[in-house]
Amino acid sequence: MTDLINMWVYLATSPLLWLTITLLVYLAGQWLFQRSGGRALLNPVALAISLLALLLLLTGTPYATYFSGAQFIHFLLGPATVALAVPLYLHWKRVRQLFLPLAFGLLAGSLTAILSAMGIAWWLGGSLPTVLSLAPKSVTTPVAMGIAEKIGGLPSLTAVIVILTGVIGAVAGPALLDWLRIRDDAVKGFALGVGAHGIGTARAFQISGLAGAFAGLAIGLNALLTALLVPAIIRLLHWLA
Amino acid sequence: MIAVLAVLLAFQLLGEAIAQVGHLPVPGPVIGMVLLFLALQWHSALPESLRTTAQTLLSHLSLLFVPAGVGVIQYGALLAKEWLALTIAVLLSTILTIAMTALVMHVLMHRNGADPSDD
């Protein structure tokens, strides 16, 4: 028994354990998602996060210990973002044709994301750090954290909000777009990318390669625009207040 | 595969360097994406190995968000107090954003007659 405890004590602090568990839990989530015929509510990201959070709480493992292993996966977000150039290159012709609808769709979506998230939370009595942490919620994690830090939000809370946004967008987005009778994969993908960044993009790639390419394009453009808009909006609010 | 990984990391590194030096609000990987895109346009060809590796990486994009998402366990106290405002704000705002983006694009595309089904 003491051997077993010693082994746990040793493994629990090594990066290998939580890296392996993260991959296994994700694979299990994916298997479940596919077995259920792609049921949206069984979103693999949401499943994996809930299960891992539960495991950490039950074993009393601090997040820092978990992240020392999981950081190797987290690191790949960078090269994966760079890799979005590939689908963009493959579908560039269609992107050029749609220049104006893309520009105005992006501007409308980006403003809606920032203003509605802050406004609703404020109206419901959210505290100032929470409201500020919500402002960059629709852009990809590293950018959102950077923006939150700049305006006085809580970067790691923003990371959590960003993931929640992505999961909601991936789960509800496709049904919403069907309900709105949007049939063009380019529009579907771009809307998922603007509203739900990388997790929406992962979902868009399941619709089609074209949808994925437009979602990937949206991640980059929305990161750019939100990084410019949020500080300007905060300054405007200060000036008005 | 290793060569492709090196290419992706090199472009990310270049992007990070440019973002740092230019004090840009844009993150390094996004600049790296733009640079790789320009390189592909200039080269006007896509190496097969880059295409397959990029596709493999992107098909598991959702896995890469798991570690940051698990960070939710650090916010037990804050979430206990504000979870309702947070959840409603995120839920409504995400739905509004997706709908707004799609509808604006849809209307503009139909006005331009870009969609043949509209005629």
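Residues numbered from 1 in each chain as written. Chains lettered and ligands numbered in written order. Predicted model: local features only at pLDDT ≥ 70, side-chain atom pairs only at ≥ 80, totals over all residues.

Enquirer: Mind showing me how you'd approach the confidence of the model for chain B here?
Expert: Low pLDDT means the predicted coordinates in that region are not meant to be read closely. All names here are of chain B. Summing up the model confidence of chain B, the mean pLDDT is 87 and the portion of residues at 70 or higher is 92%. Put simply, helix H4 (residues 66-69) is where chain B has its lowest mean pLDDT, 89, and helix H1 (residues 2-21) is where it has its highest, 93. Low pLDDT (under 50) marks residues 114-119, which in the prediction has seven contacts with non-local residues, meaning those over four places away or in another chain. For this predicted complex, the interface confidence reaches an ipTM of 0.87, while the overall pTM sits at 0.84. (pLDDT = per-residue confidence, 0-100. Helix = DSSP H or I, 4+ residues; strand = E, 2+ residues; numbered from the N terminus. Contact = placed C-beta atoms within 7 Å.)

Enquirer: Would you mind going over the UniProt feature "transmembrane region" (unreviewed entry) in chain B with me for this structure?
Expert: Residue and element names in this part refer to chain B. UniProt annotation of "transmembrane region" (unreviewed entry) refers to residues 29-46, 58-77 and 83-108 when read in the numbering used here. Within residues 58-77, the helical portion is 40% and the strand portion 0%, while the C-alpha atoms at the span's ends are 35 Å from each other. Helix makes up 100% of residues 83-108 and strand 0%, with an end-to-end C-alpha separation of 37 Å. (UniProt positions renumbered as here; feature names shortened; annotations may be inferred.)

Enquirer: Explain the nonpolar core here, please?
Expert: What tends to happen in soluble globular proteins is that the nonpolar side chains get buried as a cluster. Ranked by size, the top nonpolar core spans 112 residues in total, and within it Ala-83, Ala-85, Ala-117 and Phe-190 of chain A together with Val-66 of chain B carry the most contacts. Considering each element in turn, this core owes the most residues, 14 residues, to helix H13 (residues 209-240) of chain A. If sequence neighbours within four positions are ignored, Val-66 of chain B has contacts with Thr-22, Tyr-26, Val-45, Ala-48, Ile-49, Leu-52 and Ile-73 of chain A. (Core = buried A, V, L, I, M, F, W, Y, C linked by C-beta atoms within 7 Å. Buried ≥ 20, exposed ≤ 12 C-beta atoms within 10 Å, placed from the backbone.)

Enquirer: Looking at this model, I keep getting lost on the domain arrangement of chain B. Mind explaining?
Expert: By convention, interface size is frequently given as the accessible area that disappears when the constituent parts associate. The domain architecture assigned to chain B consists of domain 1 (1-59) and domain 2 (71-119). Computed over C-alpha atoms only, the centres of domain 1 of chain B and domain 2 of chain B are separated by 28 Å. (Domains from an automatic or database assignment.)

Enquirer: How do you make sense of the environment of Ile-31 of chain B when you look at a structure like this?
Expert: Residues and elements named next belong to chain B. Looking at the secondary structure, you find Ile-31 in helix H2 (residues 28-43). Overall, Ile-31 belongs to the buried group, with 24 C-beta atoms counted inside 10 Å. For Ile-31 and Ala-17, which are 14 residues apart along the polypeptide, the C-alpha to C-alpha distance reads 9.6 Å.

Enquirer: I keep staring at the domain arrangement of chain A and nothing clicks. Help me out?
Expert: Residue and element names in this part refer to chain A. We note that the domain assignment places domain 1 (2-75) and domain 2 (81-240) within chain A. Centre-to-centre separation of domain 1 and domain 2, based on C-alpha positions: 27 Å. With six residues of domain 1 at the contact, the number on the domain 2 side is six residues. Across the side of domain 1 that touches domain 2, the residue classes tally to five nonpolar, one polar and no charged. (Nonpolar A, V, L, I, M, F, W, Y, C, P; charged D, E, K, R; others polar.)

Enquirer: Any chance you could explain unusual backbone geometry here in plain terms?
Expert: In terms of backbone geometry, most residues other than glycine have negative phi values and most peptide bonds are trans. Residues other than glycine seldom take positive phi values, yet His-197 of chain A does so here, at roughly 35 degrees. Take His-197 of chain A: it is sitting in helix H12 (residues 185-207). The class for His-197 of chain A is buried, based on 30 C-beta atoms found within 10 Å. Positive phi, close to 45 degrees, is recorded for Ser-44 of chain B, a residue that is not glycine. The topology assignment puts Ser-44 of chain B in the loop between H2 and helix H3 (48-59). Look at Ser-44 of chain B and you get exposed, because 7 C-beta atoms sit within 10 Å.

Enquirer: Honestly, helix H3 (residues 44-59) of chain A in this entry has me stumped. Any pointers?
Expert: Helical geometry note: an α-helix holds 3.6 residues per turn, so side chains three or four residues apart project in the same direction. In this model H3 of chain A runs 22 Å from its N-terminal to its C-terminal C-alpha over 16 residues, within 8% of the 22 Å that 1.5 Å per residue would give. Within H3 of chain A the residues assigned to the buried category are Pro-44, Val-45, Ala-46, Leu-47, Ala-48, Ile-49 and Leu-52 of chain A. Buried residues along H3 of chain A sit in contact with helix H2 (15-35), helix H11 (155-179) and H12 of chain A together with H4 of chain B. In the stretch just after H3 of chain A, Gly-60 of chain A is the one whose phi turns positive, near 65 degrees. (Expected span 1.5 Å × (residues − 1).)

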